Amino acid sequence: MKYSLTDGALQDHNSPCVVTTLKAARKLARSIGVSAEVTRASQDFKDTPYQSVCVNLPGKIPRLLIVGAGDATLDADGFRKLASAAAKRVLELPIKSVVYAFDHVKVTGKKSDWKISTLAHAMTNAAYRYGKHKPSAPTPPSLTTTRFHLHNKTNAKSAVRMANALDKGMHLARDLGNEPPNICHPAYLLKETRKLAKATNVTVTSLTEKKMAELGMGAFLAVSQGSDAPGHMIIVRYNGGKKNTAPHCLVGKGITFDTGGISLKPPAAMDEMKYDMCGAAAVLGATKAVIEAKLPINLVTIVAAAENMPSGGATRPGDIVTSASGKTVEILNTDAEGRLVLCDALTHAQTFKPQSIIDVATLTGACIIALGSHASALYSNDDKLADQILDAGQMTGDKAWRMPLWDEYQTALRSNFADVANIGGRAAGSVTAACFLARFVDGVKWAHMDVAGSAFMGGSRKGSTGRPVPLLFAYLCSESGIA
Ligand code: BES
Ligand code: MN
Ligand code: ZN
């Protein structure tokens, strides 16, 4: 989807469809002399929130789509619902472009730029289709351009730029997530990531398994060794900021398929473990958005890409490995593999002397038990960083909820034979997984997001959501000084 701005009188627009509220629709109808048509077509329309009616008209504006907003000031969630109702209805129409006129709608504490970001984000979400391997899928929507009508374009230019960048990042994240695991293996992630290096200030490199062995990444390799598909530690460097400013760093769990390894998972819904690379997809999607938006920051993105398979060469429960940090790990359960690839990725991330590290991972089933799908779990060793991430989540609706990283939980990871065990028992599984990662972070602001519940949906709406790309991008925008 392409987003742009438009101003001037609404009635002077040449558009196959204008989308607006009932009040604004009546005003527009008066100015183009079609009041009777609009009154007749909307006589049963109650103007209750999120209802809609489409009126066909003669003249320059052949369709007027009226979306219920009521008279009251909306809250943020109310406007989000209006935005997604409007997007869904618009996408059913056989049109290529649309004009959105919602700037007059009052939302508590929010300005034009937030409304545009929200409308665009709802459209990006609703317009997404993944039909690559389904020739029988219905034809996708024809809409390619959404124009936002405003009386004063100047204070929304950056919102539109960011919306276009986020649209690209969301597409990348969702496509990578949905790709089947026989295609999306570590080398595929590397190949797709290399496409980011088309931009001049981006480089993409990868540590091969041989190089990782030299760096002592025994935890990563313990996961990867059971698979015939070689693992990769993918590194993207984006230099949009001043030469000597420390980079921000994103780290993603990229398990392209998680069978559990020798601690094999039960068969039910195991196909969903193709989504175990959604952390990687999200950090790559956010990176794509940063590159598209040309944010004035430096960014290092690291993807720990491996496949967790059982085989004659696979890691056994009880194996002890040495991580790149020098700490030894007793692998009691080979299904707790995400933390193993991530601990070595986090050690590597710290060699870039970043100003902050955020890792994103579909790390634990326990996270889904704790928070369901509405919030991502957030852990951080820095209150300010945590608050900034929570704010980015509130602003975009891509919400996160902070969880504790207290020392009390660390005792669960005690091992009789190594520095740390890779599992901590049934209690507080998402917390003890985060505590495991915390042991590999030293002297740097760090946050961990467990997105096991938010990054993809199961059941009949199975598919990747692209979360938490909106949150990550909003955080990096605010770090760049862009509201
Ligand atoms: N990838 C899974 C976590 C997961 C489960 C994500 C369901 C999304 C949906 C992870 O590697 C895993 O298997 N975790 C184990 C940890 C346990 C062995 C300590 C889990 O959650 O059961
Ligand atoms: Mn697992
Ligand atoms: Zn996993």
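Owing to the predicted nature of the structure, the values given are computational and were not obtained by experimental measurement. Think of each chain on its own: its residues are numbered from 1, step by step along the sequence as written. As they are written, the chains are lettered A onward and the ligands numbered 1 onward, keeping that order. Selection of residues for local features in this predicted model requires a pLDDT of at least 70, selection of side-chain atom pairs for listing and counting requires 80 or more, and totals for whole chains, interfaces and linings are taken over all residues. Excluded from the side-chain calculations are hydrogens and water; all other atoms, namely the structure's heavy atoms, are used.

Caption draft 1: How the structure looks around the domain arrangement of the protein chain. As assigned here, the protein chain comprises domain 1 (2-150) and domain 2 (168-479). Boundary definitions for the domains trace back to an automatic or database domain assignment. Here the C-alpha centroids of domain 1 and domain 2 sit 38 Å apart. Contacts between the two partners involve ten residues from domain 1, matched on the other side by 16 residues from domain 2. Should a side-chain nitrogen of Lys or Arg be within 4 Å of a carboxyl oxygen of Asp or Glu, the pair is scored as a salt bridge. Summed over the shared surface of domain 1 and domain 2, the result is two salt bridges. Across the pair Asp77 and Lys399 runs a salt bridge, and its minimum N-O distance is 3.6 Å. Distance and chemistry together define a polar contact, namely a pair of N or O atoms within 3.5 Å, with one atom able to donate a hydrogen and the other to accept it when in protein, and with adjacent residues in sequence counting only for side-chain atoms on both sides. Where domain 1 meets domain 2, there are ten residue pairs in polar contact (both at pLDDT 80 or more). Strands are runs of DSSP state E lasting at least two residues, helices are runs of H or I lasting at least four, and both sets are numbered from the N terminus onward. Looking at which element gives the most residues to the side of domain 1 that touches domain 2, the answer is helix 4 (residues 112-127), with four residues. Under the grouping applied here, Gly and all other residues not named as nonpolar or charged are polar, the nonpolar ones being Ala, Val, Leu, Ile, Met, Phe, Trp, Tyr, Cys and Pro and the charged ones Asp, Glu, Lys and Arg. Looking at the side of domain 1 that touches domain 2, its residues break down into three nonpolar, four polar and three charged. In this analysis, two residues are considered to be in contact whenever any of their non-hydrogen atoms come within 4.5 Å of each other.

Caption draft 2: Main features of the environment of Ala428. In this structure, Ala428 sits in the loop between strand 16 (420-421) and helix 13 (429-438). Through-space distance from the C-alpha of Ala428 to that of Tyr409 is 8.3 Å; in sequence the pair is 19 residues apart.

Caption draft 3: Here's a closer look at the coordination of the manganese ion (ligand 2). Around the manganese ion (ligand 2), the donor atoms from the protein are Asp258 (OD), Asp335 (O), Asp335 (OD) and Glu337 (OE), and they sit 2.1 to 2.2 Å away. Metal-coordinating donors are taken as N, O and S atoms lying within 2.8 Å of the metal, or within 3.2 Å when the metal is Na, K or Ca; because water is left out, some sites can appear incomplete. Under the classification used here, a metal with four donors is tetrahedral if each angle lies between 85 and 135 degrees, square planar if opposite donors are over 155 degrees apart and the others between 65 and 115, a six-donor metal meeting that same test is octahedral, and anything else is irregular. One can describe the site at the manganese ion (ligand 2) as irregular: its six donor atoms subtend angles covering 71 to 168° at the metal. Of note, the manganese ion (ligand 2) draws all its donor residues from one chain, in the sequence arrangement D-x76-D-x1-E. In this structure, the manganese ion (ligand 2) is positioned 3.2 Å from the zinc ion (ligand 3), and both are ligated by Asp258. With Asp258 in strand 9 (residues 248-258) and Asp335 in the loop between strand 12 (328-330) and helix 10 (338-349), the pair connects residues that are 77 residues apart, well separated along the chain. In this scheme, a residue with accessible area under 20% of its type's maximum is buried, one over 50% is exposed, and one in between is partly exposed, where area comes from a 1.4 Å probe on protein chains only. Here Asp335 falls in the partly exposed class, since its relative accessible area comes to 22%.

Caption draft 4: The arrangement of helix 9 (residues 278-293) in detail. Here a helix's expected span is defined as the number of its residues, less one, multiplied by 1.5 Å. The terminal C-alpha atoms of helix 9 lie 22 Å apart, and with 16 residues this matches the ideal 22 Å at 1.5 Å per residue to within 8%. The buried fraction of helix 9 amounts to 14 of the 16 residues, a majority that puts the element mostly inside the structure. Looking one or two places after helix 9, you find Lys294, whose phi comes out positive at around 50°.

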